[in-house]
Each structure stands twice: as C-alpha cells, then as structure tokens.
Amino acid sequence: MTDDELIWRIAGGSGDGIDSTSQNFAKALMRAGLHVFTHRHYPSRIRGGHTYVEIRAADHEVKSRGDNYNFLLALGDSFARNPQEEAYYGNEEIKPLSENLDELREGGVIIYDSGLLDTDDIPDFEERVEENNWHVFDLDLRGLAKEHGREVMRNTAGVGATCAIIDLDLEIVEELMSEAMPEKILEPNLEILRESYEDLKENYDTDVGVTVPESEHDEEQILISGSHGIAYGAIDEGCRFISGYPMTPWTDVFTIMTQHLPDLGGISEQVEDEIAAASLAIGASHAGAKAMSGSSGGGFALMSEPLGLAEITETPIVLVESMRAGPSTGMPTKPEQGDLEHVLYTSQGDSNRVVFAPGDARESYNQTRKAFELAYNYQIPSIILYDQKLSGGHETVTESTFDREPNPDIGEVVTEEDIEQGERLAGRFKRYRYDGEDGVSPRSLPGQKGGNFLASGNEHNEAGHISEDPDNRVTQMDRRMEKLDAIRDELDAMDESHQTAYGDEDADYAILNFGSTKGAVEEAVDMLNEDGHSVKAMNVSDMVPFPKNEVNSFLEGVDEALVVEMNATAQFRRHIQAATGKHGDKLFSLLKYDGNPFEPTDVVDGFEARLDGSAEPAHNTRIESATGD
C-alpha cells in the first residue's frame, strides 16, 4: 500500500446494503479515473452478522487488496442479535466498528453512525484514537436517513460524508445513483447525499490528509468480478444452456448466466440437486448445445458420477468449481484453495479432463473461452477452478478485453453423408473409433439419419456396446488419454501463455502460485525487489494438462522457490512435484487457511522468514519445508 491510494472499508450487517453501496462507490471511483480492486468479507447468514467490503483505489494498477486500510465507514449492524450478558456472539451491533480497528492505518479516518453506535461500548477507544492519530467523525447518519424516509438510506449519507472528506466530485456519485435507482427513491437519496456532503464541508475540518488521487484512464474500463469473467466468457463462446443448484460462492456465476441467457435464446434451469444439474447439462451437450454447470465444495462432490459419465462417453461439458473453506460445510463464505486435488481426481478411475485456474477477472474470461473451445473440439470435460475471493471481488478491466469475436462452434460433427459412407458396427455408427486424430473420434448428434450409437457409462467398443475385452479396453483408454497430450501441444503453441511470469527471469529466487493469489504475489515481488532481493514469480493456471516444460524452465537456476497457496496440505506443491518429477528439494510452502486471502505483506514476510529469518511469518500463515528437508 502506498500513500497515494485510498483503501475505503464500509462495514455493517448482512442485509444493510453494504454490498450494493460499495459496488456503486467502486464504480464512482473508477469513473473518476482510478484503478479499483474490491474485497468482500461476509458471514454465513442471510441477515445480521458483521460484514464489510473494502475498496482499494489508486492512480496506478492495483492487483490485490492492500495491506491494511485508511478509511472506515462504520454503519453498525441493524440486524444484530439482541445482546445478552455473556452471549457467545457478544454485542453484534457494535462489531462493524470494534472489529475493524486493528487494521486501520495510523492517521486513518473513521466515520461512524452515532445514531446506532456508541463508542463507550468499545474498551480504550479514545486512547486508541489518540495513539494512532485517527480522525473520527461521529455522525448521526441514521437520524438523517429517517428524516428523509428510510433508515437504510444511511448508507447514502455515509457516502456523501466520505466524498466530502476525500474531495470526490459529487456529480459522479449522483450520476451513478440516477442510473441505478428508480425515481421513487432517487430524490430522497440525492437529498441525503448532498445534505451530508454539505454538512461535512461546512461544519467539520475535512483536511485530514486522506484524499482520492487524481487520475484518468488511458482507455475505457469496466468493473467486473471473476464470476462476471466466467459468465461472459461462456456466453461469448456460445454457451446457451446452464443448469445448477444455488451454493455459495458458485451462485454468482449461475445468477449472471440466468440474467442473460433468456435474452440470448438460451435456457437456465435450477434443479433439485447437483447430480441432476451436471446430468442435465451433459444431456444438453449430448443433444448439440454448448452447456455448462457448476457448484462449490460439497455440491461439486455430488457431480463426481456425472463427471465420470462425461469422460467415458466423451461428451463435451464445462463445469465450474468455486472453492470455499472446507471440509464439509466448512466456512461457506470464506476463500480457500483446498479443493485442488478434489477437482483433479474426483470421479472413477483415471481422470481425463482439462482444469484451468484463472488468477484474475481477465483470465477468467479468456480461460473460460478456451475451456469451452477445448471441451468441444476434443470432446472432453473442462473445469474452471476458482475461489470465493475471485468470485466476489471486483476489479477494473479494460473494455478491450472483450473485443473478441463470439464462437458458437460446437466442434466437428459428421454430416449425414459422412455417416452413410462410413463404417458401421452391428448396425450402429462408430462413435468411438480407434483411429481418431489426437484421440478425437467422429461425433454425430441425435436425430441425424444413421448416426445412432450407444452412450454408455460402461467401457464400450467403437459403436458404444458394452465391452470388457482387454485389448479394446487398453485401446479406448489410450485413445482418450491421448487427447491431453494434443491439448498440451495446442496450449504450448498459443501466442499468450496461460501462465503469468513476473519479474526478472534471471532472479535468484522464485515464487509459484495459482489462482486468486496472483495479484498479492506480484505486488509482493515488487516490494521484495525494491528491498534488494532478487525474486520472480509465476502464476500457473493450467492444472491439467500441466505446463511441465514452462515450470521446469522457470525453476531452472533458482536457489529456492516458495509455493504460495491457501490450504493446509500444500496441494499445489505436491501437484508440481508429481507433474514435473523433480524440484522437491527446492520447493518450500507458504500456507494460509484462516478464511482470509493473502495480502502482499503476508508473502513478503513469509519469503523473508524462509530466506534469512529477518521476518516472522505473518499471523495465521505457515512455512512448510521442502520434501526431505
């Protein structure tokens, strides 16, 4: 974090409109010419419970949440449980203020709603304010909102006060509100916004040293999450069918797709469980549609059997798995990367699938498009693996990212003339021919004359008839696995690799990571190199087939490499070692699994603790030694 950026945290209770308010404010900062990155923290409750959204805005690219923050808008929890003496949950109403003080930077700003919060309920509050030189504004936001209509509009009052302190042009916020709000509530919200803004400017000293940087974009930006990237990528690749069952945090992708598909002539189906969801999508794909499904954690576990069916019937399908802290229900709204091995190996027998783990919203879009392309060209399941952090966090992305032609192609399908001239087996089309190029056999669709075959979950011969012949088994297995070699060759030949190398390629030390840790690691590399270290990083997205040559080349010549991941068992490090067959003596792990994502200083501290002991590992992170060390 630098002095020329704003990191604004709005805190309240679930159901208080924290998320919608933060999204609008983030858009306002983007329209003011700033680069934006957001982070959501919320409990596993529909209403009540401390929640916050953090918005980081700067005149330079921001890739991660920052290290601590400098502006707190604490609204209180209006849906808090009634506090009782010695109650397990304590006084929930005050938590949006009391539980956000430890990370507030020295010299930071606090606006709190004195209509709901009383600082007398927070031990040593005044002492901490003085010690940290915090600038505190106790404003009756609740009272102001009630004067104009509804209590929930205190969020708007808080935004108006924020704009006054950071010198953000109020017209930008007014314009956004006019676009987003119906006329009935627009006018009272605009009145509250202006009144709180003017009250601060006229009656308070707002020169507190925390302002919004001045900047403008070189090209048009949009504000999206990884979930938007996945959904838009699927739509642009011609996906017109999705089936699913709601489960946090995968629900975001499902919801976005459901909002758009009807207008595109597509179908969205919410079904009774995840087995039905995956099976329905496989059926749609079998019939000739581009289809997808997905879930999180335990929901994806239920998809294990239909995933195996797609593999053996060679039905193209794209599934998404949004990781959250487990096992079992775990912590449904907190990020973790503990499902990596689950997604790599779940199902029956030897896996035959593509798995991508994008690192940001842009990669989510591009790699989803590639996942569809590969699934339908090679008749294989593709899986997009991401987590709650990438799912719900928003970031600015250049609009030109999406300047690509749509691709409705479902892969090669035989014509009825091809079928008529081709060989048949027992009166059926040879759907699973032994001699398909790169392991890909000719595909017919239901309804084509003469194109009938059996799509069985059993091992089968060329026409789909059940077969337990040993020679047939080996031939079919080898043919299906051959696809992954061809896919790896295609990925290696791409103009832009899915793996993102960062830093000096001749650096002495390396950091490896996957998925949503990308931004924090890259910012950590900058910080380490500025401090005199020699470090580079690679964010790996291709989990299967693994980019063995790229990773081997990246690790050649480095003394040690730190593998950064959000789980307790170093799953990614094990995957690297298994896929490359080496590097075990130089790979050390930095692990975090407390429900919070890595911040850049977590990675810096972990690196320096491992390198020379000049730092202690950050709170709730753990360093694990190399294999055999």
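The structure presented is a predicted model; accordingly, all values stated were derived computationally and were not measured. Sequence order as written defines residue numbering, which begins from 1 separately in each chain. With pLDDT at 70 or above as the cut-off, local features in this predicted model cover only qualifying residues; side-chain atom pairs require 80 or more to be listed or tallied, and sums for whole chains, interfaces and linings still use all residues. Side-chain calculation: all heavy atoms of the structure are included, whereas hydrogens and water are not.

1. Re the overall build of the protein chain
Secondary structure elements are taken from DSSP: a helix is a run of H or I of four residues or more, a strand is a run of E of two residues or more, and numbering for both begins at the N terminus. For the protein chain, the helix and strand inventory stands at 21 helices and 23 strands. The globule rule puts the C-alpha radius of gyration for 629 residues at 25 Å, and the 27 Å found for the protein chain is close to it. Counting only C-alpha atoms, the protein chain reaches 90 × 60 × 55 Å along its principal axes. Classification of the 629 residues of the protein chain by burial places 57% in the buried group. Partitioning the intrachain contacts of the protein chain with sequence separation of at least 6 by distance along the chain shows that 78% fall at a separation of at least 24. Accessible surface is estimated by sampling points in the Shrake-Rupley manner with a 1.4 Å probe; for residues, cover comes only from the protein chains shown. Roughly 25600 Å² of accessible area belongs to the protein chain as shown, and the carbon and sulfur atoms make up 43% of that amount. The globule rule used here is 2.2 Å times the number of residues to the 0.38 power, and the radius of gyration it is set against is calculated over C-alpha atoms. Working definition: with a 1.4 Å probe on protein chains only, accessible area under 20% of the residue-type maximum means buried, over 50% means exposed, and in between means partly exposed. Residues are treated as being in contact if the distance between any of their heavy atoms lies within 4.5 Å.

2. Here's the deal with the packing of helix 1 (residues 18-31) against helix 5 (residues 154-166)
All axes here are fitted lines through C-alpha atoms, helices being fitted over the stretch that makes contact, and every angle between N-to-C directions spans 0 to 180 degrees. The interhelical angle for the contact between helix 1 and helix 5, taken along N-to-C directions, is 35 degrees, at an axis separation of 11 Å. Crossing of helix 1 over helix 5 shows right-handed handedness. Listed contacts from helix 5 to Ile18, Thr21 and Phe25 of helix 1 are Asn155, Val159, Thr162, Cys163 and Ile166. For this classification, Asp, Glu, Lys and Arg are treated as charged, while Ala, Val, Leu, Ile, Met, Phe, Trp, Tyr, Cys and Pro are nonpolar and the rest, including Gly, are polar. In terms of residue class, the contact of helix 1 with helix 5 is built from 5 nonpolar, 3 polar and no charged. Less than a right angle of anticlockwise turn of the near helix away from the far helix marks a crossing as left-handed, whereas a clockwise turn marks it as right-handed.

3. A short note on the packing of aromatic side chains
When two rings of Phe, Tyr or Trp (its six-membered ring) have centres within 6.5 Å they constitute a pair, described as stacked for plane angles under 30 degrees, edge-to-face for angles over 60, and tilted for the intermediate range. In total, this model carries 10 aromatic pairs according to the counting rule given. A ring pair is formed by Tyr112 and Phe125, whose centres lie 6.5 Å apart and whose planes are at 80 degrees; its orientation type is edge-to-face. Taken together, the residues Tyr112 in strand 5 (residues 104-113) and Phe125 in helix 3 (residues 125-132) connect sequence positions 13 residues apart. Pairing Tyr509 with Phe607 gives two aromatic rings, centres 5.8 Å apart and planes at 90 degrees, and the pair type is edge-to-face. Pair noted here: Tyr509 is in strand 18 (residues 509-514) and Phe607 is in helix 21 (residues 600-611), with a separation of 98 residues, a long-range link. As far as burial versus exposure is concerned, Tyr509 and Phe607 are alike and both buried. Members of the aromatic cluster, connected to one another through ring pairs, are Tyr232, Tyr365 and Phe402. Comment: the charge-over-ring label is applied if NZ (Lys) or CZ (Arg) is within 6 Å of the ring centre and within 35 degrees of the ring normal. We note Arg9 situated over the ring of Tyr52; from NZ or CZ to the ring centre the distance is 3.9 Å. The ring centre of Phe598 lies 5.8 Å from the NZ or CZ of Lys592, which sits over that ring.

4. A word on the pattern of salt bridges
For this document, the term salt bridge refers to a Lys or Arg side-chain nitrogen within 4 Å of an Asp or Glu carboxyl oxygen. As enumerated under the stated definition, the model contains 40 salt bridges in all. Among the salt bridges present, the one from Arg65 reaches Glu599, with a minimum N-O distance of 3.6 Å. Pair noted here: Arg65 is in the loop between strand 3 (50-58) and strand 4 (69-74) and Glu599 is in the loop between strand 22 (587-592) and helix 21, with a separation of 534 residues, a long-range link. Both residues of the pair, Arg65 and Glu599, count as buried. For Glu560, the salt bridge is made with Arg610, and the minimal N-O distance between the two is 2.8 Å. Of this pair, Glu560 sits in strand 21 (residues 560-565) while Arg610 sits in helix 21, and the two are 50 residues apart along the sequence. Overlapping salt bridges bring together Arg9, Glu54, Arg65, Glu103 and Glu599 as one network.

5. Side note on the environment of Val271
Summarising the element assignment, Val271 is placed in the loop between strand 9 (267-270) and helix 10 (274-286). The spacing of Val271 and Gly244 is 27 residues in sequence and 6.1 Å in space, taken between C-alpha atoms.

6. Some details on unusual backbone geometry
Of note, the bond from Thr248 into Pro249 is cis; its omega dihedral lies within 30 degrees of zero at 0 degrees. Along the polypeptide, Pro249 turns up in the loop between strand 8 (241-244) and helix 9 (251-260). Here Gly326 and Pro327 are connected by a cis peptide whose omega angle stands at 5 degrees. Topologically, Pro327 is positioned in the loop between strand 11 (317-323) and helix 13 (340-345). Of note, Ser328 is a non-glycine position whose phi angle comes to about 55 degrees, a positive value. Examined against the element boundaries, Ser328 turns out to sit in the loop between strand 11 and helix 13. According to the relative accessible area criterion, Ser328 is exposed, its value standing at 68%.

7. Points about the sheet that holds strand 17 (residues 500-503)
Hydrogen bonds between backbone atoms are what pair the strands of a sheet, whose relative direction is either parallel or antiparallel. Whether two strands pair comes down to DSSP finding at least two bridges between them. With mixed pairing, the 6 strands of this open sheet are ordered in space as 17-19-18-21-22-23. Looking at the sheet topology across the chains shown, the edges are occupied by strand 17 and strand 23 (621-624). Neighbouring strand axes in the sheet, compared pairwise and without regard to direction, differ in orientation by 20 degrees on average. With 4 bridges connecting them, strand 22 and strand 23 associate as antiparallel partners. Bridge pairing in strand 23 links Lys592 to Thr621.

8. Some points on the nonpolar core
Working definition of a nonpolar core: buried Ala, Val, Leu, Ile, Met, Phe, Trp, Tyr and Cys residues. They are joined through side-chain atoms within 4.5 Å. Met257, Met292, Leu512, Met543, Leu555 and Phe572 are the most contacted members of the largest nonpolar core, which totals 75 residues. Leu29, Val36, Ile165 and Val208 belong to the second-largest nonpolar core, a separate cluster that totals 48 residues.

9. A look at a negative patch on the surface
Put simply, a patch holds well-exposed residues, over 30% relative accessible area, that have no salt bridge, with like charges counted together within 9 Å and Val, Leu, Ile, Met, Phe, Trp or Tyr side chains within 5 Å. Under the counting rule used here, the positive set is Lys and Arg, the negative set is Asp and Glu, and His together with the chain ends is not counted. Where a charge sits is defined by one atom per residue type, namely NZ (Lys), CZ (Arg), CG (Asp) or CD (Glu). The grouping of Glu412, Glu416, Glu417, Asp418, Glu420, Glu437, Asp438, Asp478, Glu482, Asp485 and Asp489 at the surface amounts to a negative patch. Residue assignment for the negative patch shows that the elements contributing at least two residues are helix 16 (416-421) and helix 17 (470-492). For Asp485, the position within the fold is in helix 17.

10. Topic: the packing of helix 14 (residues 361-378) against helix 17
Axis angle and axis distance: for two packed helices, these are the angle between their axes and the distance between the axes, and together they describe the pair. The contact between helix 14 and helix 17 brings their axes to 11 Å, and the two run at 140 degrees. Classified by the angle between their axes, helix 14 and helix 17 sit oblique to one another. Here the hand of the crossing between helix 14 and helix 17 comes out right-handed. For the pair helix 14 and helix 17, contact is made by Lys370, Glu373, Leu374 and Tyr378 and by Lys483, Ala486, Ile487, Glu490 and Leu491, respectively. Within the contact of helix 14 with helix 17, the residues separate by chemical class into 5 nonpolar, no polar and 4 charged. Any angle that is under 35 degrees is reported as roughly parallel, and any over 145 degrees as roughly antiparallel; angles of 65 to 115 degrees are reported as roughly perpendicular and all others as oblique.

Function cannot be read off these values alone, since they describe shape.
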